[in-house]
Amino acid sequence: MSYGTVTLVGGGPGDWDLLTIRGLRALQASDVILTDHLGPASQLPEFLDLDGKELIDVSKLPYGRQVAQERINELIVTHALAGRRVVRLKGGDPFVFGRGFEEVQACAAAGVACEVVPGVTSAISVPAAAGIPVTQRGLTHAFTVVSGHLAPSHPASLVDWPALARIGGTIVVIMGVRHVRAITAALIDASLAPTTPAAVIQEGETASQRAFYCDLGNLADVTEANNVASPAVYVIGEVAALARP
């Protein structure tokens, strides 16, 4: 029996033209596209001829509509086993808090070929869009990317926030809007100075981008006062001061 193929494509952080050329070619050659709501997903009709392609929305909206990962895996495998060329289009990079490897594992278990096309992660590109380098010669030689989807006090959290406060360098938090107050409090309690420069960027690398520059001590207040919502990235560290107006 001849199976189809699966290509796991990182769509990049925002506008569709940040998609890689290889990712675009995979989309053009596809029969089925399973897409989330981030990156170029909402812009597909603008840059891709969808005639003859089946488009399946498997979005996981923050604290809203969710398609279970197990169901997504099932759809990917089912369409591939039916002989179709499947593209799983994800925002950012599939392997940066994107659960992409779970989809690779599901394909492997079913005997389906799967290629991974990396994407530009929002953890680096969104700060850059707001004028913030995550590293800077003579200022910081390290950066840490963490998920803030769980509060520091949550028993399932795998982030050592006190250690993060002491390690130095730049801290980039994605998926952390809901818990920004708890996260900033945890970092300050662990000895990170409230005066540490910070910034929060909403919908980075799109026409709707908004960026706000502040300090760690008032990052939560600034985020709430400006009704910052997901998708958003916040940056904590000396580099954030480089972009202040």
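Residues numbered from 1 in each chain as written. Predicted model: local features only at pLDDT ≥ 70, side-chain atom pairs only at ≥ 80, totals over all residues. Heavy atoms only, no water.

## Observations regarding the overall build of the chain
Working step 1: Tallying secondary structure elements over the chain gives 8 helices and 10 strands in all.
Working step 2: Over its C-alpha trace the chain gives a radius of gyration of 19 Å, about what one expects of a compact globule, namely 18 Å for 245 residues.
Working step 3: If you line up the chain on its principal axes, its C-alpha atoms span 60 × 35 × 35 Å.
Working step 4: A total of 245 residues make up the chain; the buried ones form 48% of that total.
Working step 5: When contacts within the chain are restricted to residue pairs at least 6 apart in sequence, those whose partners lie at least 24 apart make up 71%.
Working step 6: As displayed, the chain offers around 11700 Å² of accessible surface, 54% of which is attributable to carbon and sulfur atoms.
Working step 7: Each charge sign in the chain was given a centre, from 17 positive and 23 negative side chains, and these centres are 3 Å apart. (Helix = DSSP H or I, 4+ residues; strand = E, 2+ residues; numbered from the N terminus. Rg over C-alpha atoms; globule rule 2.2 N^0.38 Å. Buried < 20%, exposed > 50% of the residue type's maximum accessible area, 1.4 Å probe, protein only. Contact = heavy atoms within 4.5 Å. Areas by Shrake-Rupley, 256 points an atom, 1.4 Å probe, with all protein chains shown as cover. Lys, Arg positive; Asp, Glu negative; His and termini not counted. Charge placed at Lys NZ, Arg CZ, Asp CG, Glu CD.)

## Quick word on the sheet that holds strand S6 (residues 143–147)
Working step 1: Spatially, S6-S7-S10-S8-S9 is the arrangement adopted by the 5 strands of the open sheet, whose pairing is mixed. Taken across any chain shown, the strands that pair with only one partner, and hence form the sheet edges, are S6 and strand S9 (210–215). Strand-to-strand twist across the sheet, computed as the mean angle between neighbouring axes with direction ignored, equals 15°.
Working step 2: In terms of strand pairing, S6 meets strand S7 (residues 170–174) through 5 bridges, oriented parallel. Across the sheet, the residue bridging to Thr144 is Ile171, located in S7.
Working step 3: Sitting on the sheet, helix H5 (residues 122–129) touches S6, S7, strand S8 (197–202) and strand S10 (232–236), and the angle it makes with S10 is about 80°. (Pairing = 2+ DSSP bridges. Axes fitted to C-alpha atoms, helices over the stretch in contact; angles between N-to-C directions.)

## Focus on the domain arrangement of the chain
Working step 1: Along its sequence, the chain is organised into domain 1 (5–117) and domain 2 (122–241).
Working step 2: Its C-alpha centre places domain 1 at a distance of 28 Å from the equivalent point of domain 2.
Working step 3: Taken together, the 8 residues of domain 1 in the interface contact 17 residues of domain 2.
Working step 4: For the pair domain 1 and domain 2, the summed buried surface comes to about 880 Å²; carbon and sulfur atoms form 69% of the total.
Working step 5: Taken together, domain 1 and domain 2 are joined by 0 salt bridges.
Working step 6: Summed over the shared surface of domain 1 and domain 2, the number is 1 residue pair in polar contact (both at pLDDT 80 or more).
Working step 7: Residues of the side of domain 1 that touches domain 2, tallied by class, amount to 6 nonpolar, 1 polar and 1 charged. (Domains from an automatic or database assignment. Buried area = accessible area lost by both parts, 1.4 Å probe. Salt bridge = Lys/Arg side-chain N within 4 Å of Asp/Glu carboxyl O. Polar contact = N/O pair within 3.5 Å; in protein donor to acceptor, adjacent residues only side chain to side chain. Nonpolar A, V, L, I, M, F, W, Y, C, P; charged D, E, K, R; others polar.)

## A word on the packing of helix H3 (residues 69–81) against helix H4 (residues 100–110)
Working step 1: Running from N to C, H3 and H4 point in directions that differ by 45°, and their axes come no closer than 10 Å. Classified by the angle their axes make, H3 and H4 are oblique. As H3 packs across H4, the resulting crossing turns out to be right-handed. Note on element contacts: H4 touches H3 through Glu102, Glu103, Ala106, Cys107 and Ala110, opposite Gln69, Ile72, Asn73, Ile76, Val77 and Leu81. (Parallel < 35°, antiparallel > 145°, perpendicular 65-115°, else oblique. Left-handed = near helix turned anticlockwise from the far one by under 90°.)

## A closer look at the packing of aromatic side chains
Working step 1: Counting across every chain of the model gives 2 aromatic pairs.
Working step 2: Ring geometry for Phe95 and Phe101: centres 6.0 Å apart, planes at 85°, overall edge-to-face. (Phe/Tyr/Trp six-rings, centres within 6.5 Å; stacked < 30°, edge-to-face > 60°.)

## A closer look at the environment of His79
Working step 1: Among the secondary structure elements, His79 is positioned in helix H3.
Working step 2: Using a relative accessible area of 11% as the deciding quantity, one classes His79 as buried.
Working step 3: Along the sequence, His79 and Gly237 sit 158 residues apart, while their C-alpha atoms lie 45 Å from each other.
Working step 4: When neighbours within four sequence positions are excluded, His79 is seen to be in contact with Val32, Glu54, Ile56, Arg84 and Val86.

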